[in-house]
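# Secondary and tertiary structure notes
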Amino acid sequence: MALAYSENVTKKDIADKLGVTPSAFGQRLKTGKFTQSELETIASVLDAEYVSYFKFKDGKEI
């Protein structure tokens, strides 16, 4: 997970919001295993929106 879009936010900032240590957050970044709630929190810290949906071949999204 790249954090390239928000240069002023550190991994520590995100870890603090998630209630984990920066080291633990770094490990989670390597595995990419986050809950939807955690992804929404990360997006909020990055001043972004987390969007998750299925996109079908016919263009339908749910």
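My aim in this report is to walk through the structure given alongside it, one point at a time. Everything numeric here is computed off the predicted structure, so don't read it as measured data.

### A word on the nonpolar core
- Counting residues in each nonpolar core, the largest one holds eight residues, listed as Val 9, Ile 14, Ala 15, Phe 25, Leu 29, Phe 34, Leu 39 and Ile 42.
- Contributions of two or more residues to this core are made by helix 1 (11-18), helix 2 (22-31) and helix 3 (36-45).

### Some remarks on the packing of aromatic side chains
- In total, this model carries one aromatic pair according to the counting rule given.
- Measuring from ring centre to ring centre gives 6.0 Å for Phe 25 and Phe 34, while their planes differ by 50 degrees; the resulting arrangement is tilted. Across the pair, Phe 34 and Phe 25 agree in class, each one buried.

### Quick look at helix 3
- Taken together, the buried positions of helix 3 are Glu 38, Leu 39, Ile 42 and Ala 43. Looking down the long axis of helix 3, one finds its buried residues gathered within 140 degrees of arc, a one-sided arrangement.
- The inward-facing, buried residues of helix 3 contact helix 1 and helix 2.
- Two residues or fewer after helix 3 comes Asp 47, characterised by a positive phi angle close to 55 degrees.

### Some details on the packing of helix 1 against helix 3
- As a packed pair, helix 1 and helix 3 sit with axes 10 Å apart at the nearest point and diverge in direction by 135 degrees. Taken together, the axes of helix 1 and helix 3 lie oblique to each other. The two elements helix 1 and helix 3 meet at a crossing, and its hand is right-handed. Every residue of helix 3 that contacts helix 1 at Ile 14, Lys 17 and Leu 18 is listed here: Glu 38, Thr 41, Ile 42 and Val 45.
- In terms of residue class, the contact of helix 1 with helix 3 is built from four nonpolar, one polar and two charged.

Conventions we followed
- Residues numbered from 1 in each chain as written.
- Predicted model: local features only at pLDDT ≥ 70, side-chain atom pairs only at ≥ 80, totals over all residues.
- Heavy atoms only, no water.
- Core = buried A, V, L, I, M, F, W, Y, C linked by side-chain atoms within 4.5 Å.
- Buried < 20%, exposed > 50% of the residue type's maximum accessible area, 1.4 Å probe, protein only.
- Helix = DSSP H or I, 4+ residues; strand = E, 2+ residues; numbered from the N terminus.
- Phe/Tyr/Trp six-rings, centres within 6.5 Å; stacked < 30°, edge-to-face > 60°.
- Arc of directions from axis to C-beta.
- Contact = heavy atoms within 4.5 Å.
- Axes fitted to C-alpha atoms, helices over the stretch in contact; angles between N-to-C directions.
- Parallel < 35°, antiparallel > 145°, perpendicular 65-115°, else oblique.
- Left-handed = near helix turned anticlockwise from the far one by under 90°.
- Nonpolar A, V, L, I, M, F, W, Y, C, P; charged D, E, K, R; others polar.

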